[in-house]
Amino acid sequence: MTEWKKIPVILDADTGVDDTMALILAARHPKLDVLAVTATFGNTTLEYSLKNTLNALAMCGREDIPVASGMPVPWKIPLMLVIWTITMRDWTKRRLEDW
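Residues numbered from 1 in each chain as written. Predicted model: local features only at pLDDT ≥ 70, side-chain atom pairs only at ≥ 80, totals over all residues. Heavy atoms only, no water.

**Examining the pattern of salt bridges**
Okay, so step 1: Counted by the stated rule, this structure contains two salt bridges.
Okay, so step 2: Glu-47 is the salt-bridge partner of Lys-51, the closest N and O atoms lying 3.2 Å from each other. Separated by four residues within a single helix, Lys-51 and Glu-47 lie in helix H2 (residues 46-59), roughly one turn from each other.
Okay, so step 3: Between Asp-64 and Arg-62 there is a salt bridge, with its nearest N and O atoms 2.9 Å apart.
Okay, so step 4: Asp-64 sits in the exposed class, given a relative accessible area of 55%. (Salt bridge = Lys/Arg side-chain N within 4 Å of Asp/Glu carboxyl O. Helix = DSSP H or I, 4+ residues; strand = E, 2+ residues; numbered from the N terminus. Buried < 20%, exposed > 50% of the residue type's maximum accessible area, 1.4 Å probe, protein only.)

Laid out in structure tokens, this is it:
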């Protein structure tokens, strides 16, 4: 059987629903070596993105992956968010195996 070398990756995410799913898939993928994640604004504020990133990693048992806080706002244009924000506070007690 061929031994696969893991691909090292650093993920940058504005962890809402779509990035949360991508983060969980990457963190659990046997051929990826997630070295770190940076959380930034985008679909939600930096504060929620950071919380969502930490909760997603905890939910799939990968709290060993370092998380860094990225930029809180754009460099040149004003930050514009949708009216609602996406949080994972209701998901924090679930584990990936429960899905």
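**Here we look at the sheet that holds strand S1 (residues 7-13)**
Okay, so step 1: Pairing in this open sheet of three strands is parallel, and the strands run S1-S2-S3 from one edge to the other. The open sheet has two edge strands, S1 and strand S3 (67-69), and neither has a second partner. Geometrically, the sheet is characterised by an average inter-axis angle of 20° between neighbouring strands, direction not taken into account.
Okay, so step 2: Looking at chain direction, strand S2 (residues 32-39) and S3 are connected through three bridges and run parallel. Its bridge partner lying in S3, Val-37 is registered against Val-67. (Pairing = 2+ DSSP bridges. Axes fitted to C-alpha atoms, helices over the stretch in contact; angles between N-to-C directions.)

**Section: the pairing of S2**
Here is the key point about a regular strand: its side chains alternate between the two faces of the sheet.
Okay, so step 1: Here S1 runs beside S2; their pairing, made up of seven bridges, is parallel. For Ile-7, the partnering residue across the bridge sits in S2 and is Leu-32.
Okay, so step 2: Regarding the hand of the β-α-β motif, the stretch spanning S2, H2 and S3 is right-handed. (Right-handed = clockwise from strand over helix to strand, strands pointing away.)

**Comments concerning the side chain of Thr-20**
Okay, so step 1: As for its placement among the helices and strands, Thr-20 is situated in helix H1 (residues 17-28).
Okay, so step 2: A distance of 2.4 Å separates the side chain of Thr-20 from the backbone oxygen of Gly-16, its partner in a polar contact. (Polar contact = N/O pair within 3.5 Å; in protein donor to acceptor, adjacent residues only side chain to side chain.)

**Comments concerning the packing of H1 against H2**
Each pair of packed helices gets described by two things: the angle between the helix axes and the distance between those axes.
Okay, so step 1: One can describe the packing of H1 onto H2 by two numbers: an axis separation of 10 Å at closest approach and a directional angle of 40°. When the axes of H1 and H2 are compared, the pair comes out oblique. Here H1 runs over H2; the crossing is right-handed. Seen from H1, the contacting residues are Thr-20, Leu-23, Ile-24 and Ala-27; seen from H2, they are Thr-53, Ala-56, Leu-57 and Met-59.
Okay, so step 2: Considered class by class, the residues forming the contact of H1 with H2 number six nonpolar, two polar and no charged. (Parallel < 35°, antiparallel > 145°, perpendicular 65-115°, else oblique. Left-handed = near helix turned anticlockwise from the far one by under 90°. Contact = heavy atoms within 4.5 Å. Nonpolar A, V, L, I, M, F, W, Y, C, P; charged D, E, K, R; others polar.)

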